Amino acid sequence: MLKNAELLSPAGDSECFESALKFGADAIYLAGTQFGMRSAPENFTPEQLSQAVKAAHEKNVKVYVTCNTLPRNNEIELLPEFLKTSAECGVDAFIIADLGVMKLAEKYAPGVQRHVSTQAGVVNYVTAKTFYEMGATRVVLARELTLDEIADIRAKIPAELELEAFVHGSMCVSFSGRCLISSYLTGRDANRGDCAQPCRWKYHLFEEHRDGQYYPVEESKDGTFLYNSRDLCMIEHIPELVKAGIDSFKIEGRAKSAYYVSVVTNAYRHAIDEYYENQGSKPLSPWIREELEKVSHREYNTGFFFGGEPGQVTDNGGYIRNYEVVAVCDEYKDKTAFLTQRNRFFSGDRLDVLPPGGEPFEIIVDYMQNEKGEVIEVAPHAMQKVIMPSNVEIPVGSVLRKARS
């Protein structure tokens, strides 16, 4: 088992990868251009993967490549080259769902560890031990397990076999993500990385003889959301997760923004560090939990960890968005911040600043200029360069955001 629990963050592209590095991830999981369960993000070419691994290893951060689709016959032939190329890039592990892929990874990338994906649906110690005997060094547990069940698995498997569990992010309504709704409704196969997320759509009932009229399945002015799971959030339960014997705390979100990766990684980094520093003797600092309200999310819950069902959001399908990113700090010198604008903000605005690895703080925009040195009252253009005097140091890489009115 690991000395301290690992914080494992997602990266769908290079910007997200850099955010995970800056804000405290111990390991980062990502996909190449093939065989990953998220086809929508940019993902990583072999050249980008090699660069990412180098940058991560310089900071003693590990990189895990998702190879967790269920490949068809015509795709299997492409796997050996993909596995060998990834191994040559120096990746630390593959995350695998398919038994055939496990065998091929052992043959073509013997120096790379093999982690069993949550897609494999591991819910008992016999299956976990079987994967260990097949060469797996880690099992990513099914999300449907309780903490008591995880503790029982931990007690009955070899100490060398690591356990990983999702602790934050979106949840799929199907068992371990094995969903067919997207395939049926759109032809996009969720089990091959192309989910259209139809579980988030509005659904109504049609009556055979009332053409053109539709009715909510339940009475609601906004429609009915049948499969709309709440988001998982275990930030206040680090002690219970550690006690259950989980080695790696995984954040969901390879299809999410760099801002999401920054905020959530930073929050869990501080929560984990606080736990080990205080050995659980003090409650979580309030600001850490508050940070998770500053990213786009659905209503939070604790999933299946404490028994029962996580439940659905039945009155809406949208996200809660309390804040928006307005700028990122590129440089700070001579009491001046040099920013790149992301969303419109004004002189006089109160901004919330999240520095890499630090606690958030607030500033007031008293005055700002454009690149030409001209005084401006508003920064309206995406990626506009903004010069802003600030007596408070704003570290490079800081995210500046604004509360929505």
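Here is a short report on the structure shown in this document.

Calculation notes
- Residues numbered from 1 in each chain as written.
- Predicted model: local features only at pLDDT ≥ 70, side-chain atom pairs only at ≥ 80, totals over all residues.
- Heavy atoms only, no water.
- Pairing = 2+ DSSP bridges.
- Helix = DSSP H or I, 4+ residues; strand = E, 2+ residues; numbered from the N terminus.
- Axes fitted to C-alpha atoms, helices over the stretch in contact; angles between N-to-C directions.
- Core = buried A, V, L, I, M, F, W, Y, C linked by side-chain atoms within 4.5 Å.
- Buried < 20%, exposed > 50% of the residue type's maximum accessible area, 1.4 Å probe, protein only.
- Contact = heavy atoms within 4.5 Å.
- Phe/Tyr/Trp six-rings, centres within 6.5 Å; stacked < 30°, edge-to-face > 60°.
- Lys NZ or Arg CZ within 6 Å of the ring centre and 35° of its normal.

**A closer look at the sheet that holds strand E14 (residues 336-341)**
The strands making up a sheet associate through hydrogen bonds between their backbones, and the pairing can be parallel or antiparallel.
Then, in step 1: On the basis of which strands lie adjacent, the open sheet formed by six strands has the order E17-E16-E20-E13-E14-E19 and antiparallel pairing. A strand with exactly one partner marks an edge of an open sheet, and here the two such strands are strand E17 (361-364) and strand E19 (385-389). Sheet twist, expressed as the average angle between the axes of neighbouring strands with direction ignored, equals 35°.
Then, in step 2: Pairing of strand E13 (residues 323-333) with strand E20 (residues 399-403) involves five bridges; the strand directions are antiparallel. Within E20, the residue paired with Ala327 across the bridge is Leu400.

**Points about the nonpolar core**
Then, in step 1: By size, the foremost hydrophobic cluster in this structure holds 92 residues, and its most contacted members are Phe17 and Tyr268.
Then, in step 2: Per-element tally for this core: the top contributor is helix H10 (residues 258-278), with 12 residues.
Then, in step 3: Residue contacts for Tyr268: discarding those within four places in its chain leaves Leu7, Val167, His168, Cys233, Met234, Ile235, Ile238, Ile251 and Leu292.
Then, in step 4: Ranked by size, the runner-up nonpolar core spans 18 residues in total, among them Ala337, Phe345, Met368 and Leu400.

**What about the packing of aromatic side chains?**
Then, in step 1: Considering all chains together, one arrives at two aromatic pairs under this definition.
Then, in step 2: Between Phe17 and Phe44 the ring centres are 6.1 Å apart and the planes differ by 65°, which places this aromatic pair in the edge-to-face class. Taken as a pair, Phe17 in helix H1 (residues 14-22) and Phe44 in the loop between strand E2 (27-31) and helix H2 (46-58) lie far apart in primary sequence, 27 residues in all.
Then, in step 3: Taking the centre distance of 5.0 Å and the plane angle of 75° together, the rings of Tyr275 and Tyr276 count as edge-to-face. Side by side, Tyr275 and Tyr276 carry an identical accessibility label, which is buried.
Then, in step 4: Sitting over the face of the ring of Phe166, Arg143 holds its NZ or CZ atom 3.9 Å from the ring centroid.

**Here we look at unusual backbone geometry**
Then, in step 1: Its identity as a non-glycine residue notwithstanding, Asn60 has a phi of 60°, on the positive side.
Then, in step 2: With relative accessibility at 71%, the residue Asn60 sits in the exposed group.
Then, in step 3: Notably, Asp334 is not glycine yet its phi reads approximately 50°, a positive angle.
Then, in step 4: For Asp334, the location among the structural elements is in the loop between E13 and E14.

In short, geometric facts, not functional conclusions.
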